[in-house]
Amino acid sequence: QVQLVESGGGVVQAGGSLRLSCTPSMSTFKITAFGWYRQAPGEQRELVARVNSGGTTNYADSVKGRFTISRDNAKNTVYLQMDSLKPEDTAVYYCNADLLNQIIGRPYAYWGQGTQVTVSS
């Protein structure tokens, strides 16, 4: 069973930076569309940034100009670079990706396990 493996969360002071990474546990599954979501305590999960299969990128207004979503096709890995972090960015961050396996023939959506990001003031 393929999984999305996330890494890169942690504790950082306000104004600092973190980079989150996400990659499939099996190299035969390729990422097509992908995105990052977050969920703060007591809140609903919300979109942070997403890239669709056509390459169009969308960001939540709250992170525009501070966060950058990207991918490395050679490594089959996607990233979320988070700069100028604020305490209100504190949340569990989840990777979401459509994974395509040529044998299966169509992409399916998967979620990562989540990684905690804590920004102290």
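Peer 1: In this structure, what is going on with the overall build of the chain? I would like to understand it.
Peer 2: Of the regular secondary structure elements, the chain holds 0 helices and 11 strands. For the chain, the sequential pattern of α-helices and β-strands runs β-β-β-β-β-β-β-β-β-β-β. At 14 Å, the chain has a C-alpha radius of gyration in line with the 14 Å of a compact globule built from 121 residues. In terms of principal-axis extent, the alpha carbons of the chain reach across some 50 × 25 × 25 Å. In the chain, the proportion of contacts linking residues at least 24 apart, taken out of those at least 6 apart, comes to 58%. Across the chain, the centroid of the 11 positively charged side chains sits 7 Å from that of the 9 negatively charged ones.

Peer 1: Before we go on, may I ask you to explain the nonpolar core in this structure?
Peer 2: Looking at soluble globular proteins, one finds that nonpolar side chains tend to be buried together. Core analysis: the biggest nonpolar cluster contains 29 residues, and Trp36, Val48, Phe67, Leu80, Met82, Tyr93 and Leu99 have the highest contact counts within it. Of all the elements in the fold, those that place two or more residues in this core are β3 (18-24), β4 (30-39), β5 (46-51), β7 (67-72), β8 (77-82), β9 (91-100) and β11 (115-120). Considering every element that reaches this core, the biggest residue donor is β9, with 5 residues. When neighbours within four sequence positions are excluded, Leu80 is seen to be in contact with Leu18, Arg19, Leu20, Trp36, Val48, Ala49, Phe67, Thr68, Ile69 and Tyr93.

Peer 1: Quick question: what am I supposed to make of the sheet that holds β7 here?
Peer 2: Through backbone hydrogen bonds, the strands of a sheet pair up, either in parallel or in antiparallel fashion. The strand order across the open sheet built from 4 strands is β1-β3-β8-β7, with neighbouring strands paired in antiparallel fashion. Edge strands, defined here as strands with exactly one partner in the open sheet, are β1 (4-7) and β7. With direction set aside, neighbouring strand axes in the sheet form an average angle of 15°. As paired strands, β7 and β8 are joined by 6 bridges and run antiparallel to one another.

Peer 1: Honestly, the pattern of salt bridges in this entry has me stumped. Any pointers?
Peer 2: Charged atoms that come close allow side chains of opposite charge to pair. Enumeration over the complete set of coordinates arrives at 5 salt bridges. The closest approach of N and O atoms between Asp98 and Arg50, which form a salt bridge, is 4.0 Å. In this pair, Asp98 is assigned in strand β9 and Arg50 in strand β5, connecting sequence segments 48 residues apart. Note that Asp89 and Arg66 form a salt bridge whose closest N and O atoms lie 2.8 Å from each other. Note that Asp89 is positioned in the loop between β8 and β9 and Arg66 in the loop between β6 (57-59) and β7, a separation of 23 residues in sequence.

Peer 1: I tried to follow unusual backbone geometry on my own but got confused; where do I start?
Peer 2: Backbone phi values are negative for most residues with the exception of glycine, while trans is the configuration of most peptide bonds. A positive phi is found at Asn76, a non-glycine position, where the angle reads about 50°. Looking at the element boundaries, Asn76 is found in the loop between β7 and β8. With relative accessibility at 12%, the residue Asn76 sits in the buried group. Positioned with a positive phi, Ser84 is a non-glycine residue whose angle comes to about 50°. In this structure, Ser84 sits in the loop between β8 and β9.

Peer 1: I'm lost on the state of the cysteines in this one. Help?
Peer 2: Defined simply, a disulfide is a covalent bond joining two cysteines at their sulfur atoms. Throughout the structure, instances matching the rule amount to 1 disulfide. Residue Cys22 pairs covalently with Cys95 via a disulfide, S to S 2.1 Å. With the S-S bond torsion at -80°, the cross-link from Cys22 to Cys95 turns out left-handed. Remark: Cys95 occurs in strand β9 and Cys22 occurs in strand β3; sequence separation between them is 73 residues. By relative accessible area, which is 1% here, Cys22 ends up buried.

Scoring rules and cut-offs
- Residues numbered from 1 in each chain as written.
- Predicted model: local features only at pLDDT ≥ 70, side-chain atom pairs only at ≥ 80, totals over all residues.
- Heavy atoms only, no water.
- Helix = DSSP H or I, 4+ residues; strand = E, 2+ residues; numbered from the N terminus.
- Rg over C-alpha atoms; globule rule 2.2 N^0.38 Å.
- Contact = heavy atoms within 4.5 Å.
- Lys, Arg positive; Asp, Glu negative; His and termini not counted.
- Charge placed at Lys NZ, Arg CZ, Asp CG, Glu CD.
- Core = buried A, V, L, I, M, F, W, Y, C linked by side-chain atoms within 4.5 Å.
- Buried < 20%, exposed > 50% of the residue type's maximum accessible area, 1.4 Å probe, protein only.
- Pairing = 2+ DSSP bridges.
- Axes fitted to C-alpha atoms, helices over the stretch in contact; angles between N-to-C directions.
- Salt bridge = Lys/Arg side-chain N within 4 Å of Asp/Glu carboxyl O.
- Disulfide = S-S within 2.5 Å.

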